[in-house]
Amino acid sequence: MLNSVHIQYVVTSLFMLIYCVTVLGLVVVVIAENRNPLKTIPWVVVLLLAPVVGLIFYFFFGQDNRKQRIISRRTYKRIMKCPQDRLLAQDACCVPEIYKPLSALLTNTNQAPLLFGSKITIYTNGSEKFAALLAEIAKATHHIHLQYYIFCDDEIGNKVKRALIAKAREGVQVRVLYDDVGCWKVKASFFKEMKEAGIEVHAFLPVAFPIFTSKVNYRNHRKIVVIDGQVGFIGGMNIADRYVKGNMYGKWRDSHFRIEGKGVHGLQSAFLIDWYVVSKTLHTSKRYYPPMPLFTNNIMQLATCGPVGRWRTILQTTLFAISNAKRYIYIQTPYFLPSDGLNTALQVAALGGIDVRLMIPKKADSKMVNMATRSFIDESVRAGVKVYFYTGGFLHAKLLVIDDMLTAVGSANLDFRSLEHNFEINAFMYDESFAVQMKKIFLHDMEECERLVPARWMKRPLKNRFTESFMRLFSPLL
């Protein structure tokens, strides 16, 4: 008979065999996926040299879901067909010649139609944005679709919740979609109260261990509101008091946008696709896409991206836009952890004489992100990129404005998480008047910035520079 020592030896040997086979299998999978070698090699090293820990990290953060589909092509086409059917006037608009390839890129990778004639209202502080949102909710007569990464159980969150409950009791269709990880700190009772009032509420990709553990790294970061198919909101603000009252980092400087016109059709399609993912309910009624008048000459395309699907649309379009700039590129982002391609494009533009300005917060809400960001700044500064540290609080705005003609706004930051892991949405607008407005806002924000002085920056302590370079290694995970 086998004694306990023998049994333990057999069990240990069996475990090691299974573990080694699993790790070697994953190494084969990582190599076979034809990823960027800069990502493949670190994962192979981690899996081989970090027993157990490497396997856990890969399970959480390393899986490539780009070939997966969370919605069938047939369902996607049915949802997209409705706004396409209503866009009879889009033939009247003409994208500037220089941006026709960019427009084609969005069409080919994202089926993004040209949305003509929208009126855009800009909000640069939370008080104005939430006042406008609550006012539009109060006017709703048919439906309210609301989607946020974070929906806090605080003063602002409860104001919005009460407004939604009041409309649901009037018979208005109210649908709320929030991100499960983004709202981890929010008690279940907060959303339960809305459900009991007749509101349809769903969490996006709920993390139920161990079944959905790998999904913890893929979050829905979009902020979308659509009311009666006629008015929409998009931008960087979540539903939280910090956009009104600030917090330990000071006031939160962010941008949000009210859209009236056909641009709302693009927001509606994005919401209904995500809604189908969580509810398996398909809404294609034309009641969600009412006829819209033309308010302006604004031409817009709504681009979505995520960790599934073949293309990284927002990253690709941003790269294309930067590479084709002629005079200036102004960027605001709370987190600057760019891919190699994006980093190179900005450096090449600056070296080519383009006025490239990058505005980031002086202090990020994550110390690790802050340190990693500084390692990327070194290369940018050497290439001639002008870097501005926002000191008026925490800069959370996301903006790209180029040559008084192209503007990109939305939810995506310039970091690995937004451009490769998160579900995001950005509006690309070909409109001179709107670009000039956003340029003026950028220049106004510069008044609350410290300009980085290259000579002084390069003299910071070697210890700091090494720590920043070390944290850069983890930038795809931050």
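In this convention, every chain numbers its residues from 1, walking through the sequence in written order. Per-residue local features of the predicted model are confined to residues with pLDDT of at least 70, and side-chain atom pairs are confined, for both listing and counting, to 80 or more; whole-chain, interface and lining totals are unaffected and use all residues. Only heavy atoms go into the side-chain values, all of them from the structure, while hydrogens and water stay out.

1. Remarks on the overall build of the protein chain
Going along the chain from the N terminus, every DSSP run of H or I of four or more residues is numbered as a helix, and every run of E of two or more is numbered as a strand. The helix and strand inventory of the protein chain stands at 17 helices and 20 strands. Counting every position in the protein chain, which comprises 478 residues, the buried fraction comes to 58%. Within the protein chain, counting contacts between residues at least 6 apart in sequence, those at least 24 apart form 82% of the total. For accessible areas, the Shrake-Rupley method is used with a probe of radius 1.4 Å. Any residue's cover is judged against the shown protein chains and nothing else. Surface exposure of the protein chain reaches about 21200 Å², of which carbon and sulfur atoms provide 60%. Exposure classes here rest on a 1.4 Å probe applied to the protein chains alone. A residue is buried below 20% of its type maximum, exposed above 50%, and partly exposed in between. The contact criterion used throughout is that any non-hydrogen atoms of two residues lie within 4.5 Å.

2. Here we look at the packing of aromatic side chains
Between the rings of Phe, Tyr and Trp (Trp by its six-membered ring), a pair exists once the centres lie within 6.5 Å; its type follows the angle of the planes, with under 30 degrees stacked, over 60 edge-to-face, and the other angles tilted. On inspection of all chains with the given rule, the structure shows 15 aromatic pairs. Look at phenylalanine 151 and phenylalanine 191: their rings are 6.1 Å apart centre to centre, the planes differ by 90°, and that puts the pair in the edge-to-face class. In this pair, phenylalanine 151 sits in the loop between β3 (143-148) and α7 (155-169) while phenylalanine 191 sits in helix α8 (residues 188-196), placing the two residues 40 residues apart along the sequence. No difference in accessibility class separates phenylalanine 151 from phenylalanine 191, as the two residues are buried. With centroids separated by 4.4 Å and ring planes inclined at 35°, the aromatic side chains of tyrosine 328 and tyrosine 330 adopt a geometry described as tilted. Each member of the pair, tyrosine 328 as well as tyrosine 330, is classed as buried. Linked through ring pairs, Tyr243, Tyr249, Trp252, Tyr335 and Phe394 together constitute an aromatic cluster. Sitting over a ring, as applied to charges here, requires NZ of Lys or CZ of Arg to be within 6 Å of the ring centre and within 35 degrees of the ring normal. In this structure, arginine 242 packs its charged tip against the face of tryptophan 252, placed 4.7 Å from the ring centre.

3. With respect to the side chain of aspartate 403
Its location among the elements puts aspartate 403 in the loop between β16 (399-402) and β17 (406-410). Notably, aspartate 403 is buried but unbridged: the nearest opposite-charge side chain belongs to arginine 327, and the N-O separation is 4.6 Å. Two residue types count as positive, namely Lys and Arg, and two as negative, namely Asp and Glu; His and chain ends fall outside the count. Note on definitions: salt bridges are taken to be side-chain nitrogens of Lys or Arg within 4 Å of carboxyl oxygens of Asp or Glu.

4. Remarks on the pattern of salt bridges
Following the criterion strictly, the structure yields 20 salt bridges and no others. A salt bridge links lysine 100 to glutamate 97; the shortest N-O distance between them is 3.2 Å. Within the structure, one salt-bridge network assembled from shared partners comprises Lys119, Glu136, Lys139, Arg258 and Glu260.

5. Topic: the state of the cysteines
Disulfides are defined as pairs of cysteine sulfur atoms found within 2.5 Å of each other. Counted by the stated rule, this structure contains zero disulfides. The structure places no disulfide on cysteine 152, whose sulfur is separated from the nearest cysteine sulfur, that of cysteine 183, by 7.0 Å. According to the relative accessible area criterion, cysteine 152 is buried, its value standing at 17%.

6. Focus: the pairing of β17
When you tally the buried positions in β17, you get five out of five residues, the bulk of the element. DSSP-based pairing: two strands are paired if at least 2 bridges between them are found. Hairpin connection, β16 to β17: the antiparallel pair is bridged by three residues, and aspartate 403 has positive phi, about 55°. Two elements, β17 and strand β19 (residues 424-430), share five bridges in a ladder whose sense is antiparallel. By the bridge assignment, leucine 406 is partnered in β19 with tyrosine 430.

7. Describing unusual backbone geometry
Positive phi is not limited to glycine here, since leucine 205 has a value of about 45°. Mapped onto the fold, leucine 205 is located in the loop between β5 (200-204) and β6 (224-227). Located in the positive-phi region is aspartate 228, a residue other than glycine, with phi close to 60°. With respect to the helices and strands, the residue aspartate 228 is situated in the loop between β6 and β7 (231-235). What makes aspartate 228 buried here is its relative accessible area of 8%.

8. Focus: helix α6 (residues 126-139)
For a helix, the expected span equals 1.5 Å multiplied by the residue count minus one. The first and last C-alpha atoms of α6 sit 20 Å apart over 14 residues, in line with the 20 Å expected at 1.5 Å per residue. Of all the residues in α6, the buried ones are Gly126, Lys129, Phe130, Ala132, Leu133, Glu136 and Ile137. Seen along its axis, α6 keeps its buried residues to an arc of 160°; they face one direction. Those residues of α6 that are exposed and aimed more than 90 degrees away from the buried face are Ala138 and Lys139. Working definition: the arc comes from the directions between the helix axis and the C-beta atoms, pointing outward to the latter.

9. Points about the sheet that holds β5
If you walk across this open sheet you meet the seven strands as β2-β9-β7-β6-β3-β4-β5, and the pairing is mixed. The sheet terminates laterally at β2 (119-123) and β5, the two strands that pair on one side only. Within the sheet, the average angular offset between the axes of one strand and its neighbour, ignoring direction, is 15°. Sheet topology note: the β3/strand β4 (residues 173-179) ladder contains six bridges and is parallel. Note on β4: the bridge partner recorded for glutamine 147 is leucine 177. Note on geometry: axes are C-alpha line fits, over the in-contact stretch for helices, and angles between N-to-C directions span 0 to 180 degrees.

10. Topic: the confidence of the model for the protein chain
With 76% of its residues at a pLDDT of 70 or more, the protein chain shows a mean pLDDT of 83. Under a pLDDT of 50 for its full length, residues 87-91 has, in the predicted model, ten contacts with residues more than four places off or in other chains. Contacts of residues 210-214 to residues separated by more than four positions or lying in other chains number eight contacts, the stretch itself having pLDDT below 50. Scored from 0 to 100, pLDDT records how confident the predictor is in each individual residue.

11. Regarding the packing of helix α12 (residues 340-351) against helix α13 (residues 367-383)
Look at α12 against α13: their axes get within 8 Å of each other, and the N-to-C directions meet at 20°. The angle between α12 and α13 places the two elements in the roughly parallel class. Crossing angle aside, the handedness with which α12 passes α13 is right-handed. Contacts between α12 and α13 involve Asn343, Gln347, Ala350 and Leu351 from the former and Phe376, Glu379, Ser380 and Ala383 from the latter. Side-chain classes are defined by residue name, with Ala, Val, Leu, Ile, Met, Phe, Trp, Tyr, Cys and Pro counting as nonpolar, Asp, Glu, Lys and Arg as charged, and the others, Gly among them, as polar. For the contact of α12 with α13, a count of residues per class yields four nonpolar, three polar and one charged. The cut-offs work like this: below 35 degrees is roughly parallel, past 145 is roughly antiparallel, 65 to 115 is roughly perpendicular, and the gaps in between are oblique. In this scheme the crossing of two helices becomes right-handed for a clockwise turn of the near helix relative to the far one and left-handed for an anticlockwise turn of less than a right angle.

12. Some details on the sheet that holds strand β1 (residues 115-116)
Spatially, nine strands are ordered β1-β10-β19-β17-β16-β11-β13-β14-β20 in an open sheet, and the strand pairing comes out mixed. A strand with exactly one partner marks an edge of an open sheet, and here the two such strands are β1 and β20 (449-451). Relative to β16, strand β11 (residues 328-332) runs antiparallel, the two sharing four bridges. For isoleucine 329, the partnering residue across the bridge sits in β16 and is isoleucine 402. Running over the sheet, helix α5 (residues 100-110) touches β10 (299-305), β17 and β19 and is turned about 40° from β10. Seen against the sheet, helix α15 (residues 432-445) touches β11, β13 (355-361), β14 (386-390), β16, β17, β19 and β20 and runs at an angle of roughly 60° to β11.

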